[in-house]
Amino acid sequence: MGKGGQNYGSSENLGDLRGDYHAAWSLDVRECEEKYQVSKDYGLSNDEVEKMRQIYGFNELEKHEGPSIFRLVLDQFNDTLVRILLFAAVISFVLAWYDGEEGGEKGITAFVEPLVIFLILIVNAIVGVWQENNAEKALEALKEIQSETAAVIREGRKISSLPAKELVPGDIVEMRVGDKVPADMRVLSLISSTLRLEQGSLTGESEAVSKTTKSVPEDVDIQGKKCMVFAGTTVVNGNCICLVTQIGMNTEIGKVHSQIHEASLGDDDTPLKKKLNEFGEVLTAIIGVICALVWLINVKYFLSWEFVDGWPRNFKFSFEKCTYYFEIAVALAVAAIPEGLPAVITTCLALGTRKMAAKNALVRKLPSVETLGCTTVICSDKTGTLTTNQMAVAKLVAMGSTANAVRSFTVQGTSYDPFDGKIENWPEGQLDVNLQMIAKVAAICNDADVEEAGHDKSGHYVANGMPTEAALKVLVEKMGLSNELGSNTSSGYDGVLRCSYTWNKIEQRIATLEFDRDRKSMGVIVSSSSGKKSLLVKGAVETLLERSSFVQLLDGSITELDQSHKEVILKSLHEMSTSALRVLGFAYRDDLPEFATYDGDEDHPAHQLLLNPSNYSSIESRLVFVGLAGLRDPPRKEVPQSIEDCRTAGIQVMVITGDNKDTAEAICREIGVFGRHENIRSRSLTGKEFMELSSRDKETHLKQGEGLLFSRAEPRHKQEIVRLLKDSGEVVAMTGDGVNDAPALKLADIGIAMGIAGTEVAKEAADMVLADDNFSTIVAAVGEGRSIYNNMKAFIRYMISSNMGEVASIFLTAALGIPEGLIPVQLLWVNLVTDGPPATALGFNPPDKDIMKKPPRRSDDSLISAWILFRYLVIGSYVGIATVGIFIIWYTRSSFLGIDLRGDGHSLVTYSQLANWGQCNTWQNFTVSPFTAGEQEFHFDNPCDYFQKGKIKAMTLSLSVLVAIEMFNSLNALSEDGSLVSMPPWVNPWLLLAMSVSFGLHFLILYVPFFATIFGIVPLSLNEWLLVLAVALPVILIDEVLKFVGRCTSGIRTSKARRSSKHKAE
């Protein structure tokens, strides 16, 4: 099992009992039977079945073993930021354990930090494993579309329900209407006059395909294999006998299975994940450098030596102080890492998915939301995405008042809804005899039905039967009835096809002349209420004209059909065909002498004529031609505007379809991918023509920058196009609904499946599912993705700038030699809890009005530009100065900016004493007085404890300044360059709410004693809060100045960036 899969679509690996390989579709029926040493009447013997099974195995798709749960868990830690966090958590835990040996509150506090970090990592791993564990579901869904049983002939006996997995090459299988094909098979004989299969899910064809027993050339594409039926497709008309040629992984669906598996192995990171990984690597380097600097600056405190004879001697090492500065280094790591970033990104993406779901785009994989924002190419399927996948009549041609004149009517509507559109310039209720005859033929010579879908009859209409016939029934409804027939009864009928029902009541159908591919028509014999018999026929216009002798005019008069009359009709046919319409003609015959007394009785002599299909052509002769209709799978109304929106947004649209070239080109011209009269020779290729180009020519073709069309495309063609686009740096969104689309959906950056018409295989392989199957939804989702990315950039910058401030604070503390102002658990609280709500709220920033008028960002665009980095270095420096500054102010000043700080009774020291606090034991006559904080009073038996135990108030001020600055800094993040004057805080009320929540949480840990003990802080007085605000508010003014400079220099920076980007591309 699992052999083959090469030379997809051009040759197949087939074997008989001797192991020969050949293409069954290129052999005639007799040669196929000889190759497989089998007779269609006898089938294989049991011994032959066993021999074939030893060679080919069972008829089932392979189960690829996915990665183990353990492997998936390990993969979650293959991320730079996560590894840094893990390292910091382990070190914190070791230090907490060391501190815990001494017991007390410090030990409890120290354990909070590593445990919280471990909790974050565990939750992150669980979410990641859950997402990745869903990846293989596409392959499982593929197995669902396989047939379970088959009717097989073995040893001359028919086995009506053999398990399909037991089929082997050479088996003879009987297929009937409604059967699902169990394997790839060669059609040996037709039991019915015609055989049609719905294979659009595999090949992309919009209509059911007629099958034949005649061989075709060996190098034909999959759509051209008219004598083959493929596993997973469905018989919609006719019965046949087939020979199994390929099973399991060697079938066309098996090859799709292999391609899905291969594509799933190559899943790339999203642009944002790449950016965050790059940021993590830079962060690692920065943390390393800063930790080393802190270590070097403070090495004198824990390691000293004397020089003897020019060499260092008498080393003195303090393990306690070494541990203390190691804790500072860990605090630096905690400060530098935005621990809350993964959670905030996940929250923002989840909120984005809810917004998209409201627009009918259901996102299955969260990172896809962000990737959508930088989509540069949309590769769209035609059938069902750009079009409605519902056949509709677009043009009706009836006969005029003379035989050389015709009347042409444009028919509106794009669906099976009878009320969707009308017929332009239509004589409502005044149908002449000719129009009535067209309506009668279309209504009665028809086996389809249309009904409202769903229990709630919500207005969604579906067809039962052939799509073309359903479209004709809808046409009859739009034509209406003449006033005299309008009063005719349709009472008691609660369906949607009232006019068709009326016609079928007036004329009772008593016999059917089934469609066949030779005469290309279908006929019905009807009996009127008076007992008069008539023949109504519809079919290919050319063959109907050949069998027609007369033509019916507007008033119902009949005249002979001569060559000039034919040319007028054929001219209308040509005009409709060149517009890619499928054209059907209508005719009738009143004089049926053989059937004058026929009423459907099997004993009637005329019944024998109907049993032999070869008589149908002679019965359908001397017809009266009445008109013709052009049908198509129409484009969706919203698509042309969406294509134009894509063009404005700098997104290239490529149409990749399995349908034929003429039909696809006509649709592309209509929706605006091509101009109406544009020369598209260089932009429209079949999949086969594209694959025959050289590698350089393929790349050149894809880089044309305009809309492109690939018709008759097979799955491997779609994959090749997506792969080449991705290799050239494009971010590719690929749409599809069929089994054949699944490998390309898996391979694309964004796979988009159809929710209504899509197969489960396509949905499971996709990143996003369209609930309404509409191309316009993709364009709306791209706009939403861009908005989400901009908002994510806002909160990423906000969090990073806040972390820069924390790093600056710790670095300044270490550089100045003053006591530690912020401890790791406080930094963790700020990063995770206090920063979280504002960062999440920034995800609700309103989108820019011109968001879909800008070109897509490049996937390699920097998350943080040099100018933004400079801005946040300035902001970060101020945060560091403010947090350290307020710590120093409390120790050294009795008032600041007129704010009295003496209320708590604390002692003042000089800056020199604060910076050299480690030498406190050597100071003479150094004393400190007690101070209050809330209801607590702090006493010091050892005055030197004033710089450790006594720093609790100064630490609280530093933490409060850090929180306040970060809240005000979130206002700066509302817009990258826009002033708060032009974009005031209330444009995003969620941000104001989030700031309130964050301040509330800070008050909670300040004023609830239990939390205050854990975080090592105390309550603040009103004057102390005024000091906090006075120190924090300038951050807004500083960033306003920087934004103003940014607006003034944006033109210069943009031109430099473009030149740099161009240089990189070259």
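Residues numbered from 1 in each chain as written. Predicted model: local features only at pLDDT ≥ 70, side-chain atom pairs only at ≥ 80, totals over all residues. Heavy atoms only, no water.

K.L.:
What's the story with the overall build of the chain in this structure? I'm lost.
P.N.:
Per the secondary structure count, the chain includes 38 helices and 34 strands. Scored against the burial criterion, the 1066 residues of the chain give a buried share of 56%. Sequence separation of 24 or more characterises 72% of the internal contacts of the chain that already satisfy a separation of 6 or more. For the chain, the accessible area works out to roughly 44900 Å², and carbon and sulfur atoms hold 55% of it. (Helix = DSSP H or I, 4+ residues; strand = E, 2+ residues; numbered from the N terminus. Buried < 20%, exposed > 50% of the residue type's maximum accessible area, 1.4 Å probe, protein only. Contact = heavy atoms within 4.5 Å. Areas by Shrake-Rupley, 256 points an atom, 1.4 Å probe, with all protein chains shown as cover.)

K.L.:
Help me out: how do you make sense of the pairing of strand S23 (residues 582-589) in this one?
P.N.:
Side-chain positions along a regular strand alternate between the two faces of the sheet. Extensive coverage of S23 is indicated by the burial of seven of its eight residues. One ladder, built from five bridges, connects strand S20 (residues 533-539) with S23; its direction is antiparallel. Its bridge partner lying in S23, Gly539 is registered against Gly585. (Pairing = 2+ DSSP bridges.)

K.L.:
How should I be thinking about the pattern of salt bridges in this particular structure?
P.N.:
If the charged atoms of two oppositely charged side chains come close together, the side chains can form a pair. A full pass over the atoms with the stated rule returns 29 salt bridges. Two residues, Asp447 and Arg509, come together in a salt bridge whose shortest N-O distance is 2.5 Å. Here Asp447 is found in the loop between helix H14 (433-444) and strand S16 (449-452), whereas its partner Arg509 is found in strand S18 (residues 507-516), with 62 residues between them in sequence. Here Asp1039 makes a salt bridge to Arg871, at a shortest N to O gap of 3.4 Å. Taken together, the residues Asp1039 in helix H38 (residues 1034-1065) and Arg871 in helix H32 (residues 866-892) connect sequence positions 168 residues apart. (Salt bridge = Lys/Arg side-chain N within 4 Å of Asp/Glu carboxyl O.)

K.L.:
I would appreciate a short explanation of the state of the cysteines in the present structure.
P.N.:
Any covalent bond linking the sulfur atoms of two cysteines counts as a disulfide. A complete count under the given rule lists one disulfide for this structure. Between the sulfur of Cys920 and that of Cys944 lies a disulfide, 2.0 Å long from S to S. Handedness of the Cys920-Cys944 disulfide follows from its S-S torsion of about -95 degrees: it is left-handed. Placement of the pair is Cys920 in the loop between helix H33 (911-915) and strand S33 (931-933) and Cys944 in the loop between strand S34 (936-938) and helix H34 (952-972), with a sequence separation of 24 residues. Here Cys240 stays unpaired: no disulfide links it, and the sulfur of Cys242, its closest cysteine neighbor, is 3.5 Å away. (Disulfide = S-S within 2.5 Å.)

K.L.:
Help me understand the packing of aromatic side chains in this model?
P.N.:
Think of a pair of aromatic rings as described by two things: how far the centres are apart, and how the planes are tilted against each other in angle. Tallied over the entire structure, the rule returns 22 aromatic pairs. Ring plane angle 75 degrees and centroid distance 5.8 Å describe the contact between Phe595 and Tyr598, whose orientation is recorded as edge-to-face. The burial state of Phe595 is the same as that of Tyr598; both residues are buried. When the centroid spacing of 5.3 Å and the interplanar angle of 75 degrees are considered together, the rings of Trp890 and Phe931 count as edge-to-face. Of the two residues, Trp890 is situated in helix H32 and Phe931 in strand S33; the sequence distance between them amounts to 41 residues. Neither residue differs from the other here; Trp890 and Phe931 are each classed as buried. Through pairs of rings, three or more aromatic residues link up here, namely Phe887, Trp890, Tyr891, Trp923, Phe926, Phe931, Phe938, Phe940, Tyr946 and Phe947. The ring of Trp25 carries the charged tip of Lys225 above its face, separated from the ring centre by 3.9 Å. Here the guanidinium or amino end of Lys698 rests over the ring plane of Phe690, the centre of that ring lying 5.9 Å away. (Phe/Tyr/Trp six-rings, centres within 6.5 Å; stacked < 30°, edge-to-face > 60°. Lys NZ or Arg CZ within 6 Å of the ring centre and 35° of its normal.)

K.L.:
What am I meant to see in a negative patch on the surface here?
P.N.:
The grouping of Asp599, Asp601, Glu602 and Asp603 at the surface amounts to a negative patch. With respect to the helices and strands, Asp601 occurs in the loop between S23 and helix H20 (605-611). (Patch = residues over 30% accessible without salt bridge, like charges linked within 9 Å, V, L, I, M, F, W, Y side chains within 5 Å. Lys, Arg positive; Asp, Glu negative; His and termini not counted. Charge placed at Lys NZ, Arg CZ, Asp CG, Glu CD.)

K.L.:
Would you take a moment to explain the packing of H32 against H34 for this structure?
P.N.:
Each pair of packed helices gets described by two things: the angle between the helix axes and the distance between those axes. The N-to-C vectors of H32 and H34 enclose an angle of 150 degrees; their axes lie 8 Å apart at closest approach. It follows that H32 is roughly antiparallel to H34 by the angle criterion. For the element pair H32 and H34, the recorded crossing hand is right-handed. Here Ile875, Tyr878, Val879, Ala882, Thr883, Ile886, Phe887, Trp890 and Tyr891 of H32 come into contact with H34, specifically with Lys953, Ala954, Met955, Leu957, Ser958, Val961, Leu962, Ile965 and Asn969. Residue classes in the contact of H32 with H34 are distributed as 14 nonpolar, three polar and one charged. (Axes fitted to C-alpha atoms, helices over the stretch in contact; angles between N-to-C directions. Parallel < 35°, antiparallel > 145°, perpendicular 65-115°, else oblique. Left-handed = near helix turned anticlockwise from the far one by under 90°. Nonpolar A, V, L, I, M, F, W, Y, C, P; charged D, E, K, R; others polar.)

K.L.:
Help me understand the packing of H14 against helix H15 (residues 467-479) in this model?
P.N.:
For the pair H14 and H15, the least separation of the axes is 8 Å and the interaxial angle reads 145 degrees. Handedness of the crossing formed by H14 with H15: left-handed. Along its contact with H14, which presents Leu435, Ile438, Ala439, Ala442 and Ala443, the element H15 presents Leu472, Lys473, Val476 and Met479. In the contact of H14 with H15, the residues fall into eight nonpolar, no polar and one charged.

K.L.:
Got a minute to help me understand the confidence of the model for the chain in this structure?
P.N.:
Atom-level detail of predicted coordinates should not be read off regions where pLDDT is low. Of the residues in the chain, 85% have a pLDDT of 70 or more, and the chain-wide mean is 81. The secondary-structure element of the chain with the lowest mean pLDDT is helix H6 (residues 137-144), recorded at 47, while H14 shows the highest, at 95. Below pLDDT 50 for its whole length, residues 1-21 participates in 70 contacts with residues either more than four positions away or in separate chains. The low-confidence segment residues 102-106, where pLDDT is below 50, has three contacts with residues more than four positions distant or belonging to other chains. (pLDDT = per-residue confidence, 0-100.)

K.L.:
What exactly am I supposed to notice about the nonpolar core here?
P.N.:
The tendency in soluble globular proteins is for nonpolar side chains to be buried side by side. Ranked by internal contacts, the top residues of the largest apolar core, which has 132 residues, are Phe775 and Tyr891. At 15 residues, helix H29 (residues 775-816) tops the list of elements feeding residues into this core. Setting aside its immediate chain neighbours within four residues, Tyr891 contacts Ser907, Leu908, Val909, Leu914, Tyr946, Phe947, Gly950, Lys951 and Ala954. Membership of the second largest hydrophobic core comes to 75 residues, among which are Val173, Cys227, Cys242 and Leu243. (Core = buried A, V, L, I, M, F, W, Y, C linked by side-chain atoms within 4.5 Å.)

K.L.:
How should a nonpolar patch on the surface be read in this particular structure?
P.N.:
Together, Phe93, Trp97 and Leu115 line one region of the surface with nonpolar side chains, adding up to about 320 Å² of accessible area. Taking the relative accessible area as the measure of exposure, Trp97 reaches 52% and is therefore exposed.

K.L.:
Is there a simple way to think about the sheet that holds strand S5 (residues 196-198) in this case?
P.N.:
Either a parallel or an antiparallel arrangement is found when strands of a sheet pair, and the pairing is made through backbone hydrogen bonds. The sheet built from three strands is open, its strands ordered S6-S5-S8 with antiparallel pairing. This sheet does not close on itself; its edge strands, each paired only once, are strand S6 (209-210) and strand S8 (234-237). Two strands pair when backbone bridges link them, and S5 and S6 are joined in this way by two bridges, in the antiparallel orientation. Across the sheet, Arg196 pairs through a bridge with Ser210, a residue of S6.

K.L.:
Mind showing me how you'd approach unusual backbone geometry here?
P.N.:
Among all residues except glycine, the phi angle is most often negative; among peptide bonds, the trans geometry is most common. The phi dihedral of Asn360 falls on the positive side, at around 75 degrees, and the residue is not glycine. By the secondary structure assignment, Asn360 is in the loop between helix H11 (341-358) and strand S12 (361-363). On the basis of relative accessibility, which here comes to 32%, the residue Asn360 falls in the partly exposed class. For Asn425, which is not glycine, the phi torsion reads 55 degrees and is therefore positive. Relative to the helices and strands, Asn425 is located in the loop between strand S15 (406-410) and H14. Of the residues examined, Asn425 reaches a relative accessible area of 75% and is grouped as exposed.

K.L.:
When you look at the sheet that holds strand S13 (residues 377-380) in this model, what are you seeing that I'm missing?
P.N.:
Strand order in the open sheet formed by eight strands is S12-S30-S29-S28-S13-S25-S27-S26, and the pairing between neighbours is mixed. Where the open sheet ends on each side, the last strands, each with one partner, are S12 and strand S26 (684-686). Across the sheet, the axes of successive neighbouring strands diverge by a mean angle of 20 degrees, strand direction being ignored. Note that S12 and strand S30 (residues 768-770) share three bridges and pair antiparallel. Residue pairing across strands places Val363 opposite Met768, the latter belonging to S30. Its contacts with the sheet place helix H25 (residues 695-702) against strand S25 (652-656), S26 and strand S27 (708-711), and it is angled at close to 125 degrees to S27.

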